[in-house]
Amino acid sequence: MNTIERVLVVGYGYAGRRFTAALDHLRKVGLPVEIAGFCDLDASRVPADGVLYTDIRAALAELSPTVVCVTVNEAAHAAVFAELRSYRRALVLAEKPLAADVGEAERAADSLRHHAFSMNLVERFSPIVRECAEWLRDAGPFDVVRVESFWGKHRISDPRPTIGVLSELIHPLDLMRHLFGPGEIEVVASAGVRSDFSVAAGERLEAVDVLAMQNGRTPFIVHSSFAWPARMRRVTAVVRSAAAGLFCLELTFDTPHWDCDRLVVSSVSETGWLSEVHTKSVDRADLPADIRGVGKVSAFIEASLRAWWAQEPGHDLADLDSSLNLQRILGQIELATTTSPASVGYRGSP
């Protein structure tokens, strides 16, 4: 690959800085990429040596990027994608979810159809997810009995805009489908709490408990919260083998630090006793120092670039159709959610 990919980073907040660190690492290890410039409304946030634009149309016209990283808040995705409708074919990498709601996501998909597209469902790129998939393949076949997840973090008084906790719930929902089958999902019930946890967004859905069924027979249970005192990201599943019986799979992510992940597979005896049969752990020390905390982001970007160069779908990448499908499931959850009679007020009034 001789051509150097010219990257435009749109949005230099938290996600934009993570993408930038990952791109710098990939350049240092020899991938033909360079950051051509940044587009952000707040010039003070952009690196002093960076080429800055505050208007995306001008950035596209003058920089001619071949890769566009959309790392603005999800509420601003639609406006960025609309500007890409008439731009020549490029590789578009976007933070999750695709848009603020289903209607915006469908319009965004129309704007992006002629581009190569990957959404950053970052936990797919954990080594423990790959290890889990390989164990299921090699030790199986299995029937999936149930899947459950808790996915929470502390966002009370967070100044960043947000659509609410559904933007977080997309991670476990995607992992559950990615590892345990992409079958038809029916949302059976959902209950949640609305609050003013976000300083910038007003009242939003803060926490939710969801029961869904996959293919009418496998329960998917998801708990997600933006009011949890610490980051907690876990997916568990029970699977059954006709030959070997029951197994419990536990995947824990980003604990105690970003990219510190652990897989534990245990057999379940007839009396319920758990015995570990397979483990995999990833620690900060396993990553180069310059990408500790953004190792999975780096893996996502590299996989997306290699699929772009090969002009073929990437195995672990969330393409436009799968991203839109996830947004539709989030829409079903939002419509099905019964909220508490009173909202929670953290600043004196609900």
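Further up the page is the structure itself.
Residues numbered from 1 in each chain as written. Predicted model: local features only at pLDDT ≥ 70, side-chain atom pairs only at ≥ 80, totals over all residues. Heavy atoms only, no water.

### Quick look at the overall build of the chain
- Counting its secondary structure elements, the chain contains eight helices and 15 strands.
- Here the chain has a C-alpha radius of gyration of 21 Å; the compact-globule value for 350 residues is 20 Å, and the two agree.
- Taking the principal axes of the C-alpha coordinates as reference, the chain spans close to 65 × 55 × 35 Å.
- With an accessible surface of roughly 15,600 Å², the chain has 52% of that area assigned to carbon and sulfur atoms.
- When the 36 basic and 45 acidic side-chain charges of the chain are each reduced to a single mean position, those positions are 2 Å apart. (Helix = DSSP H or I, 4+ residues; strand = E, 2+ residues; numbered from the N terminus. Rg over C-alpha atoms; globule rule 2.2 N^0.38 Å. Areas by Shrake-Rupley, 256 points an atom, 1.4 Å probe, with all protein chains shown as cover. Lys, Arg positive; Asp, Glu negative; His and termini not counted. Charge placed at Lys NZ, Arg CZ, Asp CG, Glu CD.)

### Concerning the environment of arginine 57
- Relative to the helices and strands, arginine 57 is located in helix H2 (residues 56-63).
- Spatially, the C-alpha atoms of arginine 57 and glutamate 206 are 34 Å apart, while their sequence positions differ by 149 residues.
- Polar contacts involving the side chain of arginine 57 include one to the side chain of glutamate 83, which spans 2.9 Å. (Polar contact = N/O pair within 3.5 Å; in protein donor to acceptor, adjacent residues only side chain to side chain.)

### Side note on helix H1 (residues 14-28)
- The end-to-end C-alpha distance of H1, which contains 15 residues, comes to 22 Å, matching closely the 21 Å that a straight helix rising 1.5 Å per residue would cover.
- What H1 keeps buried is the set Ala15, Gly16, Arg18, Phe19, Thr20, Ala22, Leu23, His25 and Leu26.
- Those residues of H1 that are buried lie in contact with strand E1 (5-10), strand E2 (33-39), strand E4 (67-70), strand E5 (91-94) and helix H7 (295-310).
- Glycine 30 lies just past H1 and shows a positive phi near 110°. (Expected span 1.5 Å × (residues − 1). Buried < 20%, exposed > 50% of the residue type's maximum accessible area, 1.4 Å probe, protein only. Contact = heavy atoms within 4.5 Å.)

### Observations regarding the sheet that holds E5
- The six strands are arranged E3-E2-E1-E4-E5-E6 in an open sheet whose pairing can be described as parallel. If you trace the sheet from one side to the other, it starts and ends with strand E3 (52-53) and strand E6 (116-119), each paired once.
- As judged from the six bridges shared by E1 and E2, these two strands associate in the parallel manner. Bridged to glutamate 5 within E2 is valine 33.
- Strand contacts of H2: E1, E2, E3 and E4, with the helix running at about 170° to E1, the strand carrying the most contacts. (Pairing = 2+ DSSP bridges. Axes fitted to C-alpha atoms, helices over the stretch in contact; angles between N-to-C directions.)

### Some remarks on the pairing of E2
- A large share of E2 lies buried, amounting to five of its seven residues.
- Tracing the backbone out of E1, into H1 and back to the parallel element E2 gives a crossover that is right-handed.
- For E2 and E3, the ladder comprises two bridges, and the chain directions are parallel. Counted as the bridge partner of cysteine 39 is tyrosine 53 from E3. (Right-handed = clockwise from strand over helix to strand, strands pointing away.)

### A short note on the pattern of salt bridges
- Scanning all chains against the criterion turns up 20 salt bridges.
- A salt bridge links aspartate 158 to arginine 155, with the shortest nitrogen-to-oxygen separation between them at 2.7 Å. The pair formed by aspartate 158 and arginine 155 is uniform in burial state, with each residue classed as buried.
- The residue glutamate 203 makes a salt bridge to arginine 194 at a minimum N-O spacing of 3.2 Å.
- Accessibility expressed as a relative area gives 34% for glutamate 203, which makes it partly exposed.
- Its relative accessible area of 28% is what places arginine 194 among the partly exposed residues. (Salt bridge = Lys/Arg side-chain N within 4 Å of Asp/Glu carboxyl O.)

### Notes on the state of the cysteines
- Inspection of every chain in the model, using the stated rule, returns zero disulfides.
- Free cysteine cysteine 39: the closest other cysteine sulfur is in cysteine 69, separated by 13 Å. (Disulfide = S-S within 2.5 Å.)

### Observations concerning the sheet that holds strand E9 (residues 202-214)
- Overall, mixed pairing links the nine strands, which are arranged E14-E13-E12-E11-E7-E10-E9-E8-E15 in an open sheet. The sheet is open, and its two borders are formed by strand E14 (274-282) and strand E15 (337-339), each paired with just one other strand. Strand after strand, the sheet turns through a mean of 15° between neighbouring axes, direction not considered.
- Along the sheet, helix H5 (residues 127-139) makes contact with strand E11 (227-241), strand E12 (245-252), strand E13 (261-268) and E14, crossing E12 at roughly 170°.

### Thoughts on the packing of aromatic side chains
- Under the criterion given, the structure shown has ten aromatic pairs.
- Ring centres 5.4 Å apart and planes at 70° place the aromatic pair tryptophan 135 and phenylalanine 247 in the edge-to-face group. Here tryptophan 135 is found in helix H5, whereas its partner phenylalanine 247 is found in strand E12, with 112 residues between them in sequence.
- Classification of phenylalanine 247 as buried rests on a relative accessible area of 10%.
- Relative to phenylalanine 253, the ring of tryptophan 151 has its centre 5.6 Å away and its plane inclined at 50°; by these criteria the two rings are tilted. One end of the pair, tryptophan 151, is in strand E7 (residues 143-154); the other, phenylalanine 253, is in the loop between E12 and E13, and 102 residues separate them in sequence. An identical accessibility class is assigned to tryptophan 151 and phenylalanine 253; each is buried.
- One aromatic cluster in this structure is built from Phe19, Phe125 and Phe300.
- One Lys or Arg, arginine 155, reaches over the ring of phenylalanine 226 and ends 4.8 Å from the middle of that ring.
- The side chain of arginine 160 reaches across the aromatic face of tyrosine 14, ending 5.6 Å from its centre. (Phe/Tyr/Trp six-rings, centres within 6.5 Å; stacked < 30°, edge-to-face > 60°. Lys NZ or Arg CZ within 6 Å of the ring centre and 35° of its normal.)

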